[in-house]
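Architecture and fold: a report
Listed below, chain by chain, are the residues.
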Amino acid sequence: IVHMAQEIKDKSEKDYQEVYNAIAVKLREEDEFDGYIGYGPVLTRLAWHSSGTWDKNNNTGGSFGGTYQFQKESNDPSNKGLHNGAEFLAPIHKQFPWLSHGDLYTLGGVVAIQELQGPVIPWRPGRVDLPEDMTPDNGRLPDAVYGADYVRNFFKRLDLNDQEVVALMGAHCLGRTHLQNTGFDGPWGAASNTFTNEFFLNLLNENWKLEKNEAKNMQWNSPKGYMMLPTDHALIEDDKYMAYVKLYATNNDKFFEDFAKAFKKLLEGGITFPQSTPTYRFETLDSQGL
Ligand code: HEM
Ligand SMILES: Nc1c([N+](=O)[O-])cnc2ccccc12
């Protein structure tokens, strides 16, 4: 299967910046969601989950077809809670009906990272909505209960190496786990809505204890009220992963640079873009004085 991005002839950078700004203004205004965390984290997770169904071996799934819009995919137990992100984006789709669902879901994640003071994520348009029968089966997204070998093997299907995996996991600086969504709870400490390298500093500096939570799942908790999933903690149980955790804990610029590259790669998995497709680097609201 080839997912060839379509050439968008009648839309310019200005048109896409207008979509970016509409999402960013809504994100700034609707700040009360999830205990004043806001929609940034769930939009980031929606962009990741709509892309993380890709299988490089047969080029099925991925962000191209926008199939998260179909219940078969949005009802995947792995996607519990993401309807909040999709409902947030629904009015944006109405306002800009020419934007495909695949472009909408991935752009939502780009706006979230950039507006939460993270790095600029270069982004390309042209994903094309696929029919419902092209929706990938459930079960392609990762479980949180396993260790480093599982994580390494899982991300091979997405063509992502150790360095890219550790950088991407840094997005767990955002938001929180919700017992009713995934059976993990916390962090009760500062569940953040600012994109930083905190996740790596927490991993290295906190005193982690493996405990059974209210849903009978094992998770790592710290005295300060932070938590880590088993797959988070795996990054300091494995020497190769640990080297990158230390790199990103001590070099925020390097983390930002590597995260931006890996997140773009994740959001474009399986897509062939024509040479003529522009790569957009959007301005934040702040940098536009808005
Ligand atoms: C081994 C891979 C991963 C596993 C097992 C995993 C698992 C989870 C779980 C269980 C939650 C809690 C969801 C909830 O209860 O509402 C979560 C939240 C989140 N994940 Fe991951 N994740 C992984 C990788 C990623 C990646 C690669 C990204 C993005 C680059 C990401 C971004 C997020 C964000 C932003 C949240 C917070 C969502 C919110 O606050 O509503 N995760 N993840
Ligand atoms: N905030 C988070 C942390 N943390 O250390 O703050 C760790 N792991 C997480 C996993 C999923 C979602 C949020 C997380």
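Just so it is clear, the model here is predicted, and its values are computed rather than measured.

What counts and how
- Residues numbered from 1 in each chain as written.
- Chains lettered and ligands numbered in written order.
- Predicted model: local features only at pLDDT ≥ 70, side-chain atom pairs only at ≥ 80, totals over all residues.
- Heavy atoms only, no water.
- Buried < 20%, exposed > 50% of the residue type's maximum accessible area, 1.4 Å probe, protein only.
- Helix = DSSP H or I, 4+ residues; strand = E, 2+ residues; numbered from the N terminus.
- Pairing = 2+ DSSP bridges.
- Domains from an automatic or database assignment.
- Contact = heavy atoms within 4.5 Å.
- Buried area = accessible area lost by both parts, 1.4 Å probe.
- Salt bridge = Lys/Arg side-chain N within 4 Å of Asp/Glu carboxyl O.
- Polar contact = N/O pair within 3.5 Å; in protein donor to acceptor, adjacent residues only side chain to side chain.

Another point: unusual backbone geometry. Even without being glycine, Asn-59 reaches a positive phi, approximately 50°. Overall, the relative accessible area of 13% leaves Asn-59 in the buried class. Not every positive phi belongs to a glycine, and Asp-159 is a case in point at roughly 60°. As for its position among the elements, Asp-159 is in the loop between helix H7 (148–156) and helix H8 (162–169). Exposure remark for Asp-159: the relative accessible area of 37% places this residue in the partly exposed category.

Quick look at the pairing of strand E3 (residues 218–221) now. The side chains of a regular strand alternate between the sheet's two faces. Pairing geometry for strand E2 (residues 209–212) and E3, over four bridges, is antiparallel. Considered in E3, the bridge of Lys-212 is made with Met-218. Between E2 and the antiparallel strand that follows it, E3, lie five residues; Lys-216 among them carries a positive phi value of about 70°. Pairing of E3 with strand E4 (residues 227–228), which is carried by two bridges, proceeds in the antiparallel orientation. From the neighbouring strand, Trp-220 faces E4, where its bridge partner is Met-228.

Further remarks concern the domain arrangement of the chain. Entries for the chain in the domain assignment read domain 1 (3–140 + 263–288) and domain 2 (148–254). Between domain 1 and domain 2, the C-alpha centre-to-centre distance is 23 Å. Each side of the interface is counted separately: domain 1 has 25 residues, and domain 2 has 21 residues. Three residues, Ile-37, Leu-116 and Lys-265, lead the burial of domain 1 against domain 2; their summed loss comes to 27% of the area buried on that side. Our count for the domain 1 to domain 2 interface comes out at four salt bridges. Residue Glu-164 is joined to Lys-265 by a salt bridge in which the shortest nitrogen-to-oxygen separation is 3.1 Å. For the pair domain 1 and domain 2, the interface holds 11 residue pairs in polar contact (both at pLDDT 80 or more). Within the residue set of the side of domain 1 that touches domain 2, elements represented by two or more residues are helix H2 (33–36), helix H3 (40–51) and helix H13 (252–267).

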